[in-house]
Amino acid sequence: MAPDGLPDPLRVALLVADLLDRLGVSYVLAGSFASSVHGEPRSTDDVDVVADLRSGHAAGLVSALGPEWYVSADTVRAAIARGEGGSFNAVHLASGVKVDVFVVGADPFDAHRVASGSAVRVVEDPDRVLRVDTAEHTVLRKLEWYRRGGETSDRQWRDVVGVLRVQGTRLDRRELAVWAERLRVADLLARALREAGVERA
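Throughout what follows, the structure given in this document is the object of discussion. Because the structure is a prediction, the values reported are computed rather than measured. (Residues numbered from 1 in each chain as written. Predicted model: local features only at pLDDT ≥ 70, side-chain atom pairs only at ≥ 80, totals over all residues. Heavy atoms only, no water.)

Some details on the overall build of the chain
Thought 1: When you go through the chain residue by residue, the secondary structure sums to nine helices and seven strands.
Thought 2: In terms of overall dimensions, the chain is globule-like: its C-alpha atoms have a radius of gyration of 17 Å, near the 17 Å expected for 201 residues.
Thought 3: The principal-axis extents of the C-alpha atoms in the chain amount to approximately 50 × 40 × 30 Å.
Thought 4: Across the 201 residues in the chain, those meeting the buried criterion constitute 47%.
Thought 5: Taking as baseline every contact in the chain between residues at least 6 positions apart, the subset at least 24 positions apart corresponds to 62%.
Thought 6: Accessible surface computed for the chain: about 10100 Å², of which carbon and sulfur atoms make up 49%.
Thought 7: Charged side chains in the chain number 26 positive and 30 negative. The centres of these two groups are separated by 4 Å. (Helix = DSSP H or I, 4+ residues; strand = E, 2+ residues; numbered from the N terminus. Rg over C-alpha atoms; globule rule 2.2 N^0.38 Å. Buried < 20%, exposed > 50% of the residue type's maximum accessible area, 1.4 Å probe, protein only. Contact = heavy atoms within 4.5 Å. Areas by Shrake-Rupley, 256 points an atom, 1.4 Å probe, with all protein chains shown as cover. Lys, Arg positive; Asp, Glu negative; His and termini not counted. Charge placed at Lys NZ, Arg CZ, Asp CG, Glu CD.)

Structure (structure tokens):
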């Protein structure tokens, strides 16, 4: 896709990716962006990022965002200090796009996600790429959110089934099984595979 044709969330994702690259912070794009890449596309005004932010990154991150963004420096510092489970958001003022940043901290699954992300080309001439959560990890984290939300979110479930259906035999079944057990969502994964029609793929 040409740069001029990019929707606002994708433009903002590229801005954030450039910023994190300059700071030397590993990241993956996650959430509905990742599920749209790997499964059935759906529109979203938000961008989810999993980032390996450390205490030394806080001031540089806030400074780099600058006046083009609404962000609380105190919230950024608190999220990074909390580590696992810490998060904050930043709003790109010109577009209104909200970026939710989830800090890796001591979470072994998030650390694995960031290390395993794949490069997806989103712009040609010049080439621009984003690091995106894998299909398997997108499914697993969404199953976690689905469970945490009382298993009531039709949107999360549709995203999961959509990724499984589109990816089919390309899925790394061992990766799915190992982490589903660790994250305690193996039962949900089995159900989603059945619904997607790829249980034995």
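Here the narrative resumes.
Details of helix α3 (residues 58–65)
Every α-helix winds through 3.6 residues per turn, so residues three or four apart in the chain are directed the same way.
Thought 1: The complete set of buried residues in α3 reads Ala 58, Leu 61 and Leu 65. Projected onto a plane normal to the axis of α3, the buried residues spread over an arc of 70 degrees and lie on a single side. Exposed residues on α3 whose side chains face more than 90 degrees from its buried face are Ala 59 and Ser 63.
Thought 2: Lining the buried residues of α3 we find α1 (8–23), β3 (69–70), α4 (73–82) and β4 (87–92).
Thought 3: At the exit of α3 stands Gly 66, carrying a positive phi of roughly 65 degrees. (Arc of directions from axis to C-beta.)

A short note on the packing of aromatic side chains
Thought 1: Counted according to the given criterion, the structure contains three aromatic pairs.
Thought 2: Taking the centre distance of 5.0 Å and the plane angle of 45 degrees together, the rings of Phe 109 and Trp 179 count as tilted. Taken together, the residues Phe 109 in helix α5 (residues 108–116) and Trp 179 in helix α8 (residues 173–182) connect sequence positions 70 residues apart.
Thought 3: Residue class for Trp 179 comes out buried when judged on its relative accessible area of 8%.
Thought 4: For Arg 148, the ring lying beneath its charged end belongs to Trp 145, and the centroid distance is 4.9 Å.
Thought 5: Just above the ring of Trp 179 sits the side chain of Arg 182; from NZ or CZ to the centre is 4.6 Å. (Phe/Tyr/Trp six-rings, centres within 6.5 Å; stacked < 30°, edge-to-face > 60°. Lys NZ or Arg CZ within 6 Å of the ring centre and 35° of its normal.)

Looking at the pairing of strand β1 (residues 27–30)
Thought 1: Alternating residues of β1 divide into Tyr 27 and Leu 29 and Val 28 and Ala 30, and every residue in both groups is buried.
Thought 2: In this structure, β1 lies alongside strand β2 (residues 46–51), joined through four bridges in antiparallel fashion. Looking across to β2, one finds that Ala 30 is bridged to Asp 48. (Pairing = 2+ DSSP bridges.)

Notes on the pattern of salt bridges
Thought 1: All chains considered together, the criterion is met by 16 salt bridges.
Thought 2: Look at the salt bridges and you will find they share partners, linking Asp 107, Asp 110, Arg 113, Asp 133, Arg 141, Glu 144 and Arg 148 into a network. (Salt bridge = Lys/Arg side-chain N within 4 Å of Asp/Glu carboxyl O.)

Function-wise, these values are silent; they only describe arrangement.
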